[in-house]
Amino acid sequence: MKVLLVLLAAAAIVAIEWRSLMERKLKRELWTFFLLCLVGASLGIAEVLRLNIPNPLDWISALYKPLSNLIYGSSA
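Attention in this report is confined to the structure presented alongside it. Keep in mind it's a predicted model, so treat the numbers as computed, not measured. (Residues numbered from 1 in each chain as written. Predicted model: local features only at pLDDT ≥ 70, side-chain atom pairs only at ≥ 80, totals over all residues. Heavy atoms only, no water.)

Across its full length, the protein holds three helices and zero strands. When the helices and strands of the protein are read in sequence order from the N terminus, they spell out α-α-α. Taken over the C-alpha trace, the protein has a radius of gyration of 19 Å; the compact-globule value for 76 residues is 11 Å, which it surpasses by more than 25%. Here the protein holds 76 residues, and the buried ones make up 11% of them. Taken together, the 8 basic and 5 acidic charged side chains of the protein have centroids lying 3 Å from each other. (Helix = DSSP H or I, 4+ residues; strand = E, 2+ residues; numbered from the N terminus. Rg over C-alpha atoms; globule rule 2.2 N^0.38 Å. Buried < 20%, exposed > 50% of the residue type's maximum accessible area, 1.4 Å probe, protein only. Lys, Arg positive; Asp, Glu negative; His and termini not counted. Charge placed at Lys NZ, Arg CZ, Asp CG, Glu CD.)

Here's what the structure looks like:
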């Protein structure tokens, strides 16, 4: 039921924005909008289904950890 609500919300947003973007003939913006809307709806569905979504801060931390260890001389 919650997944359906997420899909309905995404469809409502697309319905509202579609006409505006088509009237102004903004094709690239329309494709970008659809891509971002698809990503957002997918993340919303994953959240509703309680799937484990990685946090971007964890990736940044893993990327800079070796540099931090080098600077501070820590092995932790």
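So, next bit.
So, on to the packing of helix H1 (residues 2–23) against helix H2 (residues 27–48). Axis separation between H1 and H2 bottoms out at 10 Å; the angle between their running directions is 170°. In terms of orientation, H1 and H2 fall into the roughly antiparallel class. Residues Lys2, Val3, Val6, Leu7, Ala10, Ile13, Val14, Glu17, Trp18, Leu21 and Met22 of H1 lie in contact with H2, whose contacting residues are Lys27, Glu29, Leu30, Phe33, Phe34, Cys37, Ala41, Gly44, Ile45 and Val48. Classifying every residue of the contact of H1 with H2 by side-chain character gives 16 nonpolar, one polar and four charged. (Axes fitted to C-alpha atoms, helices over the stretch in contact; angles between N-to-C directions. Parallel < 35°, antiparallel > 145°, perpendicular 65-115°, else oblique. Contact = heavy atoms within 4.5 Å. Nonpolar A, V, L, I, M, F, W, Y, C, P; charged D, E, K, R; others polar.)

Right, let's get into helix H3 (residues 56–72). An α-helix turns once per 3.6 residues; consequently, residues spaced three or four apart project the same way. For H3, with 17 residues, the first-to-last C-alpha span of 23 Å sits near the 24 Å given by 1.5 Å per residue. The largest bend along H3 measures about 40° and falls at Tyr64, with the proline Pro66 one to four residues further on. Measuring from the side-chain oxygen of the N-cap residue of H3 to the backbone nitrogen of Leu57 gives 3.1 Å; that N-cap residue is Asn55. One or two residues past the end of H3 sits Gly73, with phi positive at roughly 65°. (Expected span 1.5 Å × (residues − 1). Bend = angle between axes of the 7 residues up to and from the residue. Polar contact = N/O pair within 3.5 Å; in protein donor to acceptor, adjacent residues only side chain to side chain.)

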